[in-house]
Amino acid sequence: DAKTTQPPSMDCAEGRAANLPCNHSTISGNEYVYWYRQIHSQGPQYIIHGLKNNETNEMASLIITEDRKSSTLILPHATLRDTAVYYCIVRVKNAGNMLTFGGGTRLMVKP
Amino acid sequence: NAGVTQTPKFQVLKTGQSMTLQCAQDMNHEYMSWYRQDPGMGLRLIHYSVGAGITDQGEVPNGYNVSRSTTEDFPLRLLSAAPSQTSVYFCASSPDWGIDSPLHFGNGTRLTVT
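Small disclaimer: the values here were computed from a predicted structure and weren't measured.

About the criteria used
- Within each chain, residue numbers correspond to sequence positions counted from 1 in written order.
- Whichever chain is written first is A, and whichever ligand is written first is 1; the rest continue in order.
- Confidence filtering applies because this is a predicted model: local features only for residues at pLDDT of at least 70, side-chain atom pairs given and counted only at 80 or more, and all residues used for totals across whole chains, interfaces and linings.
- Side-chain metrics in this entry use all non-hydrogen atoms of the structure; hydrogen atoms and water are not considered.
- A helix here means a DSSP run of H or I that spans at least four residues, while a strand means a run of E at least two residues long, and both kinds are numbered starting from the N terminus.
- For the radius of gyration, the atom set is restricted to C-alpha positions; the globular benchmark scales as 2.2 Å times the number of residues to the power 0.38.
- Any residue under 20% of the maximum accessible area for its type is buried, any over 50% is exposed, and the rest in between are partly exposed; the area is computed with a 1.4 Å probe on protein chains only.
- Only Phe, Tyr and Trp rings are paired, with Trp represented by its six-membered ring, and only when their centres lie within 6.5 Å; those with planes under 30 degrees apart are stacked, over 60 edge-to-face, the remainder tilted.
- Salt bridges, as used here, are contacts in which a Lys or Arg side-chain nitrogen is within 4 Å of a carboxyl oxygen on Asp or Glu.
- Whether two residues are in contact is decided by their heavy atoms: any pair within 4.5 Å suffices.
- Computed with a 1.4 Å rolling probe, the buried area is the accessible surface lost when two parts are put together, summed over both parts.
- Here a polar contact is recorded for every N or O atom pair within 3.5 Å, except that within protein the pair must consist of a potential hydrogen donor and a potential acceptor, and residues adjacent in sequence are included only if both atoms are side-chain atoms.
- By the convention adopted, Pro, Cys, Tyr, Trp, Phe, Met, Ile, Leu, Val and Ala count as nonpolar, Lys, Arg, Asp and Glu as charged, and the other residues, Gly among them, as polar.
- By the convention used here, strands pair only if DSSP detects at least 2 bridges between them.
- In predicted models, pLDDT denotes the confidence assigned by the predictor to each residue on a 0 to 100 scale.

So, about the overall build of chain B. Looking only at helices and strands, chain B has 0 helices and 11 strands in total. Along chain B, helices (α) and strands (β) appear in the sequence β-β-β-β-β-β-β-β-β-β-β when read from the amino end. Rg of the C-alpha trace for chain B: 13 Å, near the compact-globule value of 13 Å for 114 residues, within the 12% margin. Over its C-alpha atoms, taken along the principal directions, chain B stretches across nearly 40 × 30 × 25 Å. Expressed as a percentage of its 114 residues, the buried residues of chain B come to 47%.

Structure representation (structure tokens):
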């Protein structure tokens, strides 16, 4: 499975854009990049996913480099409620359709 | 839509007791699964189902049973609770089996076995 590398923690000022990086240099051509977050022991919340192209939804934007070896999740206007652990996951086809969560980035949004 | 609903939110069991963790989704999703989350271990897949009447084992199935009699419900049964099953349990569902299909999680059941 392609592994991901994320910084363990980041800070962001409220109202500013939060840019969360992720390296996945061993990703294969048919594997998707997913982002989830987990707020204070709630269930993981799906944010966004993509294969090759940049993606945007009501929560965030996902920028994937042309070689697909890294990506950035952008929260355009971070609020205090965005404080959470953010997980970048490379999703592969496997028995059970299992998602493998790594260590993630703990994002702290500060007033 | 309520999404994925898990009950109860909290449960304390004594060793050897049995119980069922409930999971229901109202999104007509075909795929459902159970994970457990332990400190320092991430989420691990227990059992999953690709449709009504079909279940299979995940990464850590021992001590747990599942059934899928309807599309909406996917209960997880602990047959004889052990302290090692103290954990937070999450149910998740997705529209289908494909890796282009996002998993949506419930808010968990926090189980303590004494």
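The next point concerns the packing of aromatic side chains. Within this structure, the stated rule accounts for 12 aromatic pairs over all chains. A centroid spacing of 5.2 Å and a plane angle of 85° characterise the contact between Y87 of chain A and F101 of chain A, whose relative ring orientation is edge-to-face. A residue pair is termed long-range when its members are at least 10 positions apart, and Y87 of chain A in strand β8 (residues 84-91) and F101 of chain A in the loop between β8 and β9 (105-110) qualify at 14 residues. Ring centres of F101 of chain A and F105 of chain B lie 6.1 Å apart, and the angle between their planes is 80°; this geometry places the pair in the edge-to-face category. Residue F101 of chain A is located in the loop between β8 and β9, and its partner F105 of chain B is located in strand β10 (residues 104-105); the two belong to separate chains. We classify F101 of chain A as buried; its relative accessible area is 8%. Judged by relative accessible area, F105 of chain B falls into the buried class, the value being 11%. Site record: aromatic cluster; members linked through ring pairs are Y34, Y36, Y46, Y87 and F101 of chain A together with Y35 and F105 of chain B.

On to the pattern of salt bridges, then. Residues and elements named next belong to chain B. Evaluated as defined, the whole model comprises 4 salt bridges over all chains. The partner of R36 in a salt bridge is D38, with the nearest N and O atoms 3.0 Å apart. Salt-bridge contacts for R44 lead to D38; the nearest nitrogen and oxygen are separated by 2.8 Å. With a relative accessible area of 19%, R44 lands in the buried category. Taken together, the shared-partner salt bridges in this structure form one network comprising R36, D38 and R44.

Let us look at the interface of chain A and chain B. Counting residues at the interface gives 22 residues for chain A and 21 residues for chain B. When chain A packs against chain B, close to 1,800 Å² is buried across both sides, 55% of that on carbon and sulfur atoms. Across the contact surface, chain A and chain B share 9 residue pairs in polar contact (both at pLDDT 80 or more). Taken together, the elements giving at least two residues each to the side of chain A that touches chain B come down to β3 (32-38), β4 (45-50) and β8 of chain A. Take the side of chain A that touches chain B: its biggest share by element is 4 residues, from β3 of chain A. The class makeup of the residues in the side of chain A that touches chain B is 11 nonpolar, 9 polar and 2 charged.

All right, on to the pairing of strand β1 (residues 4-7) of chain B then. Residues and elements named next belong to chain B. On β1, burial follows the alternation: V4 and Q6 on one face are buried, whereas T5 and T7 on the facing-out side are not. Across 4 bridges, the pairing between β1 and strand β3 (residues 19-25) is antiparallel. When the bridges of β3 are listed, V4 appears paired with Q25.

Geometrically, the link from T7 of chain B to P8 of chain B is a cis peptide bond, its omega value of -10° lying close to zero. Positionally, P8 of chain B belongs in the loop between β1 and β2 (10-13). Located in the positive-phi region is R68 of chain A, a residue other than glycine, with phi close to 65°. Positive phi, close to 60°, is recorded for N28 of chain B, a residue that is not glycine. Relative to the elements of secondary structure, N28 of chain B occurs in the loop between β3 and β4 (31-38).

Our focus in this paragraph is the confidence of the model for chain B. Averaged over every residue, the pLDDT of chain B is 95; residues scoring 70 or more account for 99%. Mean pLDDT across the elements of chain B ranges from a minimum in strand β5 (residues 42-51) of chain B, with 93, to a maximum in β3 of chain B, with 98.

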